[in-house]
Amino acid sequence: MTKITELPEISVLADDDFVTAVDVSDMSESPTGKNVKIQKQNLLGGSGAVSKFEIARITDPGTGEFDFTAIPSDYENLYIEGWIRSSAVGQSDGTRVYLNGNTTDANYWLQAIEGADGTPNVGEVAAPSSGSITATDGPAGWISQFSAKFINYRGATYRHTFLTNTISPIIAGNMITGWRGIQVTADIGAITQIQVQSDGHPTDTLVGTLILYGEKTI
C-alpha cells in the first residue's frame with residue numbers, strides 16, 4: 001500500500017474531488033476504523049455554516065455585456081461582485097440587469113437611494129436600471145464597484161426582487177454611489193440567467209471582471 005507521503009500532490013482541490021478519512025464509528029474493516037472518502041464540498045456538511053462558492057467569472061466579455069447563463073439551483077442566494085467601466089462617451093453611464101432574458105424594461109420597477117457629489121437622489125421608475133458607472137470621460141484608470149444580491153433566486157412561485165450597489169468616480173473628488181432595489185413585475189420562474197449591460201448596449205459596452213457566487217448553508 002502506497003504511503004501518503006509518496007502520493008502525488010496537488011495544490012488546488014476541486015469541490016468534487018475526494019479526500020480520505022477514517023470513520024472510527026465503523027469497525028467492520030479494522031479495530032481502528034474504516035477507510036472512507038469524502039468530497040471537498042461536503043467536508044463541513046451538517047455544520048450549519050453559511051458558505052459562498054464561485055459559480056462563474058467573466059472578464060472583458062467580447063459581447064460587451066456580462067451574461068451569466070445556466071445558473072444551477074444548488075444554492076439559496078446569489079451574489080454578483082466585481083468592477084466595471086463603460087465605453088460610453090461621457091463621465092458616467094447607466095447599467096441594467098435583466099433576468100432570464102426578459103429585456104422588457106416595463107417588467108421591472110426600481111427605487112433608488114443615491115448621492116452624486118453630495119446631492120441626494122431618491123426616486124422610482126419602471127426600469128431595470130441598476131446604477132451609474134464610470135465611463136470613457138471619467139477619471140483615467142478609475143473603475144466602478146458593482147454588486148448585486150438575489151435572495152431565494154430559485155423560487156419559481158414568487159416574483160423576484162434584488163438589490164444593487166454601485167460606487168463610481170465621475171471626476172476627482174466627485175462620485176455617484178448608492179443602492180437600487182428592483183422588483184420584477186412579471187412571472188419569470190426560477191432565475192437561471194443574469195445579464196449586466198450598459199444602458200446603451202450594444203453600442204456602449206462594458207469591460208471589467210464580475211464574479212457570480214452562490215451561497216448556501218452546509
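Here goes a summary of the coordinates provided. (Residues numbered from 1 in each chain as written. Predicted model: local features only at pLDDT ≥ 70, side-chain atom pairs only at ≥ 80, totals over all residues. Heavy atoms only, no water.)

To continue, consider the overall build of the protein chain. Helix and strand content of the protein chain: zero helices and 14 strands. Each helix and strand of the protein chain, ordered N terminal to C terminal, gives the series β-β-β-β-β-β-β-β-β-β-β-β-β-β. Its C-alpha radius of gyration of 22 Å places the protein chain more than 25% over the 17 Å reference for a compact globule of 218 residues. For the protein chain, the spread of C-alpha atoms along the principal axes amounts to about 70 × 40 × 30 Å. Taking the contacts inside the protein chain whose residues are at least 6 apart along the sequence as the reference set, 72% of them involve residues at least 24 apart. Approximately 12,000 Å² of the protein chain is accessible, and the part contributed by carbon and sulfur atoms is 53%. One finds the centroid of the 13 positive side-chain charges in the protein chain at a distance of 5 Å from the centroid of its 25 negative side-chain charges. (Helix = DSSP H or I, 4+ residues; strand = E, 2+ residues; numbered from the N terminus. Rg over C-alpha atoms; globule rule 2.2 N^0.38 Å. Contact = heavy atoms within 4.5 Å. Areas by Shrake-Rupley, 256 points an atom, 1.4 Å probe, with all protein chains shown as cover. Lys, Arg positive; Asp, Glu negative; His and termini not counted. Charge placed at Lys NZ, Arg CZ, Asp CG, Glu CD.)

Before going further, it helps to spend a moment on the packing of aromatic side chains. Scanning all chains against the criterion turns up three aromatic pairs. Above the plane of the ring of Tyr79 lies Lys52, whose end atom (NZ or CZ) is 5.8 Å from the centre. Above the face of the Phe53 ring, Lys216 is positioned so that its terminal group lies 5.3 Å from the ring centre. (Phe/Tyr/Trp six-rings, centres within 6.5 Å; stacked < 30°, edge-to-face > 60°. Lys NZ or Arg CZ within 6 Å of the ring centre and 35° of its normal.)

Before going further, it helps to spend a moment on the pairing of strand E9 (residues 129-134). Burial analysis of E9 places six of its six residues in the buried class, which makes it a mostly covered element. Pairing between strand E6 (residues 92-99) and E9: five bridges, direction antiparallel. By the bridge assignment, Ser92 is partnered in E9 with Thr134. (Buried < 20%, exposed > 50% of the residue type's maximum accessible area, 1.4 Å probe, protein only. Pairing = 2+ DSSP bridges.)

Taken in spatial order, the eight strands line up as E3-E14-E5-E10-E11-E12-E7-E8 in an open sheet, and their pairing is antiparallel. At either end of the open sheet lies a strand with only one pairing partner, and these are strand E3 (50-59) and strand E8 (119-125). Adjacent strand axes in the sheet meet at a mean angle of 15° when their direction is disregarded. Pairing of strand E7 (residues 108-116) with strand E12 (residues 174-184) involves nine bridges; the strand directions are antiparallel. Counterpart to Trp109 in the pairing with E12 is Gln183. (Axes fitted to C-alpha atoms, helices over the stretch in contact; angles between N-to-C directions.)

This part covers the sheet that holds strand E4 (residues 66-68). If you walk across this open sheet you meet the four strands as E4-E13-E6-E9, and the pairing is antiparallel. The open sheet has two free edges, formed respectively by E4 and E9, since each of these has just one partner strand. Between one strand axis and the next, the sheet turns by 20° as a mean value, whatever way the strands run. One ladder, built from five bridges, connects E6 with strand E13 (residues 194-198); its direction is antiparallel. If you follow Leu99 over to E13, its bridge partner there is Ile194.

So, about the nonpolar core. Judged by nonpolar contacts, the single largest core of 32 residues is most densely connected at Ile80, Leu99, Phe150 and Ile194. Those residues in contact with Ile194 that sit more than four places away from it in its chain are Phe66, Asp67, Phe68, Ile71, Leu78, Ile80, Val97, Tyr98, Leu99, Phe150 and Leu212. (Core = buried A, V, L, I, M, F, W, Y, C linked by side-chain atoms within 4.5 Å.)

With that out of the way, let us pick up the environment of Ser73. Within the element layout of this structure, Ser73 appears in the loop between E4 and strand E5 (77-86). The class for Ser73 is partly exposed, based on a relative accessible area of 48%. In sequence terms Ser73 and Thr192 are 119 residues apart; their C-alpha atoms lie 8.0 Å from each other. When neighbours within four sequence positions are excluded, Ser73 is seen to be in contact with Tyr153 and Arg154.

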